[in-house]
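Single-letter residue listing:
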Amino acid sequence: MRFLVTGGAGYIGSITVRTLLDAGHEVIVLDTLEKGWREAVDRRARVEAGDVGDRKILDWLLPGCDAVMHLAGYIEVAESQADPGRYFENNVSKPLTLLRAMVDHGVGALVFSSTAAVYGIPAVVPILEDAPTLPVNAYGSSKLMFEQQVEWFAAAHGLRAVRLRYFNVAGAWPDGTLGESHDPETHIIPRVLRAMADGQERFEVFGDDYPTPDGTCVRDYIHVCDLAGAHRLALERVGSGGEGGVFNLGNGRGYSNLEVVRACARVSGREVAIDIGPRRAGDPPVLVASHARAQAELGWTPERGDLDTMIEDAWRWHSTNPNGYAFCRI
Ligand SMILES: NC(=O)c1ccc[n+]([C@@H]2O[C@H](COP(=O)([O-])OP(=O)(O)OC[C@H]3O[C@@H](n4cnc5c(N)ncnc54)[C@H](O)[C@@H]3O)[C@@H](O)[C@H]2O)c1
């Protein structure tokens with residue numbers, strides 16, 4: 001099949017692109033390269049630098065595509081709180097242009113990268129897909145608004161759309177050739193590993209007075225390659241006429257921030273002292289997915305779900321590429 005992958009030069013996008021290519025599909029990447037890296041895109045894919053809100057580029061790229069994988073967007077919670085307009089513009093308004101162009105070109109299948117942030121602070125864990133969606137930050141709100149647009153397009157135009165709600169994505173391509181290269185980095189595993197690789201002595205954990213066993217936040221981590229495998233299954237399903245739906249993607253098991261720091265030390269063989277800082281606004285105490293629906297309906301099974309495996313893969317990437325992809329541009 002031929003897929004258009006927006007945001008395909010980013011962390012999750014680049015790994016998804018390689019997974020799709022390995023499965024024999026044809027991939028066109030559309031990415032502004034504002035946050036992504038051309039160097040991260042497998043050479044077998046065609047890459048076009050451009051914006052998902054640019055109708056002319058979409059008119060050029062969409063004809064002949066079987067489905068669109070929409071990963072492009074801004075992802076930083078704190079930035080979304082400080083500048084919500086930027087998030088609503090990039091994560092809601094611009095992708096609306098994509099949806100309208102898809103309808104006009106008869107591309108009837110979409111897989112969208114949504115997030116556990118749409119659930120806000122859940123009353124019940126593990127979280128099921130029909131739990132209330134009450135985001136507590138502008139980022140989560142922007143992703144939910146796009147989900148709602150997608151639902152209306154499905155109702156009005158028969159769009160077959162899968163919305164994938166990811167929990168905390170971690171890890172790297174297992175041989176260390178593709179990985180996470182965000183600036184600023186806000187995710188705990190790459191931040192701890194970078195601190196360890198740089199020989200920093202201290203690492204700050206945000207809050208230890210949450211209602212969890214050790215007082216720090218608990219999160220459900222999913223390996224980026226397992227996530228990419230779920231994208232492939234979802235794209236193949238809607239791209240060949242199958243139904244859409246909404247699916248949580250996590251491992252169904254939570255780890256506290258302190259457990260994650262200890263696992264990073266175990267894997268890397270480096271120690272870092274922990275400072276407890278204030279809570280970060282809008283951080284739910286516990287986010288753990290039920291992924292039963294993805295297993296039953298997509299036939300998805302995580303293969304690298306063990307936390308140490310995720311950290312080993314991430315460590316291989318970070319320790320051999322201390323500047324991420326940035327070294328490619330020096
Ligand atoms: N990383 C996570 O843990 C996580 C968790 C839940 C959901 N998500 C979602 O997954 C998606 C990918 O996340 P990521 O971690 O790979 O982020 P990323 O920043 O590495 O990748 C996003 C890519 O989108 C591109 N982009 C941004 N705006 C664009 C636009 N208007 N037009 C074209 N390209 C544009 C960027 O240049 C970048 O390459 C995002 O939509 C994010 O909301 C990520």
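The preceding data block contains the structure.
Residues numbered from 1 in each chain as written. Predicted model: local features only at pLDDT ≥ 70, side-chain atom pairs only at ≥ 80, totals over all residues.

**Considerations on the overall build of the chain**
Within the chain, the secondary structure is distributed over 10 helices and 13 strands. Expected size for 330 residues packed as a compact globule is a radius of gyration near 20 Å; at 19 Å, the chain falls within 12% of this value. Each principal axis of the C-alpha atoms in the chain carries an extent, and together these give about 55 × 45 × 40 Å. Relative to its full complement of 330 residues, the chain shows a buried share of 47%. (Helix = DSSP H or I, 4+ residues; strand = E, 2+ residues; numbered from the N terminus. Rg over C-alpha atoms; globule rule 2.2 N^0.38 Å. Buried ≥ 20, exposed ≤ 12 C-beta atoms within 10 Å, placed from the backbone.)

**Side note on the pairing of strand β1 (residues 2-6)**
Taking burial as the measure, the five residues of β1 include four buried ones, the bulk of the element. Relative to strand β2 (residues 26-31), β1 runs parallel, the two being bridged by five bridges. Bridge assignment links Val5 to a residue of β2, and that residue is Val29. As for the winding sense of the linkage, the β-α-β connection from β1 through helix α1 (residues 11-22) to β2 is right-handed. Relative to strand β4 (residues 67-70), β1 runs parallel, the two sharing four bridges. Residue pairing across strands places Val5 opposite Met69, the latter belonging to β4. (Pairing = 2+ DSSP bridges. Right-handed = clockwise from strand over helix to strand, strands pointing away.)

**A few points about the environment of Leu233**
As for its placement among the helices and strands, Leu233 is situated in helix α7 (residues 224-239). You can call Leu233 partly exposed: it has 18 C-beta atoms within 10 Å. Separated by 77 residues in sequence, Leu233 and Ala156 have C-alpha atoms that sit 25 Å apart.

**Let's talk about the sheet that holds β2**
Here we have seven strands laid out as an open sheet, ordered β3-β2-β1-β4-β5-β6-β10, and parallel in their pairing. Edge positions in the sheet fall to β3 (46-49) and β10 (245-249), since each has one partner strand and no second. Put simply, the sheet's adjacent strands are angled 20° from each other on average, direction ignored. As judged from the five bridges shared by strand β6 (residues 160-166) and β10, these two strands associate in the parallel manner. Directly across from Val162, in β10, lies its bridge partner Gly245. Contacting β5 (109-115) and β6, helix α5 (residues 138-157) runs over the sheet at an angle of about 155° to β5. (Axes fitted to C-alpha atoms, helices over the stretch in contact; angles between N-to-C directions. Contact = placed C-beta atoms within 7 Å.)

**Observations concerning the site of the ligand**
Lining the immediate environment of the ligand, one finds 30 residues, of which Gly7, Gly10, Gly36, Ala72 and Val169 sit closest. Looking at the shell around the ligand, the elements with two or more residues in it are α1, β2, α4 (84-104), β5 and β7 (168-170). Residue composition of the shell around the ligand, grouped by class: 11 nonpolar, 13 polar and six charged. (Near = placed C-beta within 6 Å. Nonpolar A, V, L, I, M, F, W, Y, C, P; charged D, E, K, R; others polar.)

**Observations regarding the packing of α4 against α5**
Running from N to C, α4 and α5 point in directions that differ by 15°, and their axes come no closer than 9 Å. Of the possible angle classes, the one that applies to α4 and α5 is roughly parallel. Helix-helix and strand crossings are classified by hand; for α4 and α5 the assignment is right-handed. Residues Pro84, Tyr87, Phe88, Asn91, Val92, Pro95, Leu96, Leu99 and Val103 of α4 form the contact with α5, whose participating residues are Ala138, Tyr139, Ser142, Lys143, Met145, Phe146, Gln149, Phe153 and His157. Residues of the contact of α4 with α5, tallied by class, amount to 13 nonpolar, four polar and one charged. (Parallel < 35°, antiparallel > 145°, perpendicular 65-115°, else oblique. Left-handed = near helix turned anticlockwise from the far one by under 90°.)

**Topic: the nonpolar core**
By size, the foremost hydrophobic cluster in this structure holds 95 residues, and its most contacted members are Val29, Ala67, Leu110, Val111, Leu249 and Cys264. Looking at this core, you find at least three residues from each of domain 1 (2-169 + 221-249) and domain 2 (172-219 + 252-329). When neighbours within four sequence positions are excluded, Leu249 is seen to be in contact with Leu164, Arg165, Tyr166, Phe167, Ile222, Leu227, Ala230, Ala289, His291 and Ala294. (Core = buried A, V, L, I, M, F, W, Y, C linked by C-beta atoms within 7 Å. Domains from an automatic or database assignment.)

**Description of helix α10 (residues 307-320)**
When the terminal C-alpha atoms of α10 are compared, their 20 Å separation across 14 residues agrees well with the 20 Å that a helix rising 1.5 Å per residue should span. Residues of α10 that are buried include every one of Leu307, Met310, Ile311, Asp313, Ala314, Trp315, Trp317 and His318, and no others. Buried residues along α10 sit against β7, α6 (188-197), β9 (218-223), β11 (254-256) and α8 (257-268). (Expected span 1.5 Å × (residues − 1).)

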